[in-house]
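Each chain, letter by letter, is given below.
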Amino acid sequence: MGMEPQVSPFLRTAAAHAWRLLVVGAAVYAVFVVLGRFHEIGVALFLGLVVTAMLRPVADLVARRLPRGLAVAFTLIGGIALVLGVLALVGEAVAGESTELTREFRDGLDRITAWLQRPPFRLDPTALSDLHTKVGDFLSSHRSTLLSTAISGASHLVQVLTVLALALFTSIFFIHSGDRQWTWFCAQLPDRLRVRWDLAGRAAWRTFTGYTHGIVLVAGTNAVLVGVALYFLGVPLAVPLAVLEFFAAFVPLVGSPVALAVAAVVALAAKGPLTAAIVIALIVVIGQIEGHLLHPLVMSWAVRLHPLVVAISVVAGAIAAGVVGAVVAVPLVSVVWSVHATLREGGPAPARDVG
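Residues numbered from 1 in each chain as written. Predicted model: local features only at pLDDT ≥ 70, side-chain atom pairs only at ≥ 80, totals over all residues. Heavy atoms only, no water.

Enquirer: Any chance you could break down the overall build of the protein for me, citing the residues and the numbers?
Expert: Scanning the protein from terminus to terminus reveals 10 helices and 2 strands. Starting at the N terminus, the α and β elements of the protein follow one another as α-α-α-α-α-α-α-α-α-β-α-β. Considering only residue pairs separated by 6 or more positions, the protein has 68% of its internal contacts joining residues 24 or more positions apart. For the protein, the computed accessible surface area is about 22,100 Å², with 74% contributed by carbon and sulfur atoms. (Helix = DSSP H or I, 4+ residues; strand = E, 2+ residues; numbered from the N terminus. Contact = heavy atoms within 4.5 Å. Areas by Shrake-Rupley, 256 points an atom, 1.4 Å probe, with all protein chains shown as cover.)

As structure tokens, this is what we get:
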């Protein structure tokens, strides 16, 4: 009788963990495949939850004086009016400055061209003129391609409007009776799972709500700082650039520098290198304020993630699902960690650093 091969305990343990990790990886991959196939629904539900996290406290307050249905309708209509008002303000600012902005950009490009021709760059004037000619020829030769791209963009607009409509529809029910829906869902589970699922769900919602409120406050603060700074620097489109900064701040660590880089380009073309350098300095200053002051203070009631975890989450989300993935990644990781901590401790998870 042959002797059985001896396998070290370490190898046995490693093999046992390895096949379990493969199963978990396959399950996670399958979930992402399904989400990718129905990503419009996932985005709509995420937006619906964001709207609910922001407007549910307002609806609860209004419901003290009005019936629940009227309170929800009043809150949603007020929120929509506020968003449309901001968009109208941005459109009016762009339309009001379009003529002056065109002239400033033209003069700014001439100043940049002259600046590049002086030391230390000493670029050949003919090379710059050739670049302008090549850009014009490219636009002329690819006009049909650009037109087809614009037409295809119209179909994407329809998809965006559909997602927004579904998000609004879901937020109505979440705001009106989201707690009753969660209670009904838990009631469908076996008795031995109800308590744990209820703990996990409440921890997830508490963390998601805290993160949403915090990131909106951080984004609003960044937008005000940027708008005021650009206004006093005389940079055109200060209001639209501040709104861009607000939405860009929803992508932690990455969004604000990108938005301020756009502002720096506008400042360079309209006001010259000195103003652009000041705007670039703002990128560093606002980044320090956001990372060392706003996030630690504002996010204290939610799970605080280590900057390395945030960076990896944003990059992984962007690789998996583009801009949407970058926005969703950090709150998703926060919620998952909060649920894990709550189930491990058997109660609500206190705010803590991860990583």
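From this point, the narrative continues.
Enquirer: Hey, could you go over the nonpolar core for me, with residue numbers and the actual values?
Expert: Generally speaking, nonpolar side chains in soluble globular proteins are found buried as a group. The biggest cluster of nonpolar side chains holds 14 residues, and the ones touching the most others in it are Val 226, Leu 230, Val 235, Leu 241, Ala 263, Ala 267 and Val 279. Sorting the residues of this core by element identifies helix H6 (191–233), helix H7 (238–248), helix H8 (255–271) and helix H9 (273–298) as the ones contributing at least two each. The biggest single contributor to this core is H8, with 5 residues. Here Ala 267 is in contact with Val 235, Gly 272, Thr 275, Ala 276 and Val 279, once residues within four sequence places are set aside. (Core = buried A, V, L, I, M, F, W, Y, C linked by side-chain atoms within 4.5 Å. Buried < 20%, exposed > 50% of the residue type's maximum accessible area, 1.4 Å probe, protein only.)

Enquirer: How would you explain the environment of Ile 286 if you had to name every residue and give the values?
Expert: Summarising the element assignment, Ile 286 is placed in helix H9. Residue Ile 286 is classed as buried on the basis of its relative accessible area, which comes to 2%. Beyond its immediate chain neighbours, meaning those up to four positions away, Ile 286 contacts Asn 222, Leu 225, Val 226 and Leu 260.

Enquirer: I'd like to hear about the pattern of salt bridges, residue by residue, with values.
Expert: Overall, the coordinates contain 5 salt bridges when judged by the stated rule. A salt bridge links Asp 60 to Arg 68, with the nearest nitrogen and oxygen atoms 2.6 Å apart. Its relative accessible area of 33% is what places Asp 60 among the partly exposed residues. Using a relative accessible area of 23% as the deciding quantity, one classes Arg 68 as partly exposed. One salt bridge connects Asp 198 with Arg 202, and the closest N-O pair in it is separated by 3.0 Å. Of this pair, Asp 198 and Arg 202 are both found in helix H6, 4 residues apart, which corresponds to roughly one turn of the helix. Using a relative accessible area of 25% as the deciding quantity, one classes Asp 198 as partly exposed. Under the relative-accessibility criterion, Arg 202 is labelled partly exposed at 47%. Linked through salt bridges whose partners overlap, the residues forming this network are Arg 56, Asp 60, Arg 68 and Asp 179. (Salt bridge = Lys/Arg side-chain N within 4 Å of Asp/Glu carboxyl O.)

Enquirer: Which residues make up helix H2 (residues 39–62), and what values do they have?
Expert: Spanning 24 residues, H2 covers 33 Å between terminal C-alpha atoms, matching the ideal 34 Å at 1.5 Å per step. Leu 55 marks where H2 bends most, by close to 45°; the proline Pro 57 follows one to four residues later. Inspection of H2 places Ala 44, Phe 46, Gly 48, Thr 52, Ala 53, Leu 55, Arg 56, Ala 59 and Val 62 among the buried residues, and these make up the whole buried set. (Expected span 1.5 Å × (residues − 1). Bend = angle between axes of the 7 residues up to and from the residue.)

Enquirer: Quick one: what's the story with the packing of aromatic side chains, residue by residue and with numbers?
Expert: Considering all chains together, one arrives at 8 aromatic pairs under this definition. Taking the centre distance of 5.9 Å and the plane angle of 80° together, the rings of Phe 46 and Phe 208 count as edge-to-face. Here Phe 46, found in helix H2, pairs with Phe 208, found in helix H6; they are 162 residues apart in sequence, far enough to count as distant. In this structure, Phe 46 and Phe 208 share a single accessibility class: buried. Between Trp 205 and Phe 208, the ring centres sit 5.9 Å apart and the planes meet at 25°, which makes this aromatic pair stacked. With Trp 205 and Phe 208 both in helix H6 and 3 residues apart, this pair spans about one turn of that helix. Here a set of aromatic residues connected by ring pairs shows up, and it is made of Phe 46, Trp 205 and Phe 208. (Phe/Tyr/Trp six-rings, centres within 6.5 Å; stacked < 30°, edge-to-face > 60°.)

Geometry only, nothing functional implied.
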